[in-house]
Amino acid sequence: MLRNVCRQFPITPLINKRIPVRTLRVSEIRFNDKSEQSSKDSFDKSLLKYLVCPLSKKSLRYEEQTNELINDELGIAYPVVDGIPNLIPQDARKIHRNEMHKNDSKLE
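What counts as what
- Residues numbered from 1 in each chain as written.
- Predicted model: local features only at pLDDT ≥ 70, side-chain atom pairs only at ≥ 80, totals over all residues.
- Heavy atoms only, no water.
- UniProt positions renumbered as here; feature names shortened; annotations may be inferred.
- Helix = DSSP H or I, 4+ residues; strand = E, 2+ residues; numbered from the N terminus.
- Buried < 20%, exposed > 50% of the residue type's maximum accessible area, 1.4 Å probe, protein only.
- Contact = heavy atoms within 4.5 Å.
- Areas by Shrake-Rupley, 256 points an atom, 1.4 Å probe, with all protein chains shown as cover.
- Phe/Tyr/Trp six-rings, centres within 6.5 Å; stacked < 30°, edge-to-face > 60°.

Taking an unreviewed UniProt entry as the reference, the protein is identified by name as Protein preY, mitochondrial belonging to Erpetoichthys calabaricus. On record in UniProt, under Sequence similarities (unreviewed entry), the comment for the protein is "Belongs to the PREY family." Taken verbatim from the UniProt record of the protein, the Subcellular location (unreviewed entry) comment is "Mitochondrion".

Attention shifts here to the overall build of the protein. The helix and strand inventory of the protein stands at four helices and five strands. Reading the protein from its N end, one meets helices and strands in the order α-α-α-β-β-β-β-β-α. A buried classification covers 20% of the 108 residues belonging to the protein. In the protein, of all internal contacts separated by at least 6 residues, the share reaching a separation of at least 24 is 27%. Within the structure as shown, the protein displays about 9,400 Å² of accessible surface, and the carbon and sulfur contribution to it stands at 56%.

How two aromatic rings sit relative to each other is set out by the distance from centre to centre and by the angle between their planes. For the structure shown, the criterion picks out one aromatic pair. Here Phe43 and Tyr62 contribute two aromatic rings whose centre-to-centre distance is 4.9 Å and whose plane-to-plane angle is 35°, an arrangement assigned as tilted. Of the two residues, Phe43 is situated in the loop between helix H3 (34-41) and strand S1 (61-63) and Tyr62 in strand S1; the sequence distance between them amounts to 19 residues. With respect to burial, Phe43 and Tyr62 carry one shared label: buried.

Right, here's the structure in full:
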């Protein structure tokens with residue numbers, strides 16, 4: 001049966017066909033320095049106007065020290081990983097009331 005299939009679809013023309021390949025030279029490779037990497041990892045604050053908590057549908061605030069998006073109403077903190085917010089409720093952590101009050105006092 002396999003021989004019948006091979007006869008119907010010969011693969012030798014495909015093998016003999018040359019495909020252009022581009023080789024990279026060492027000078028073409030750019031290495032990321034730390035300044036570029038840190039800018040990629042930081043969260044874009046302009047996204048805050050579009051992002052809401054998936055549970056309460058309320059707006060979130062960004063906490064730079066912990067790199068989290070915080071819902072003050074529910075006391076939930078969503079992590080930001082490599083600049084990408086993880087808004088999965090199972091991955092969020094609960095914030096203690098005293099932690100929330102510390103952040104409020106810093107704003108004043």
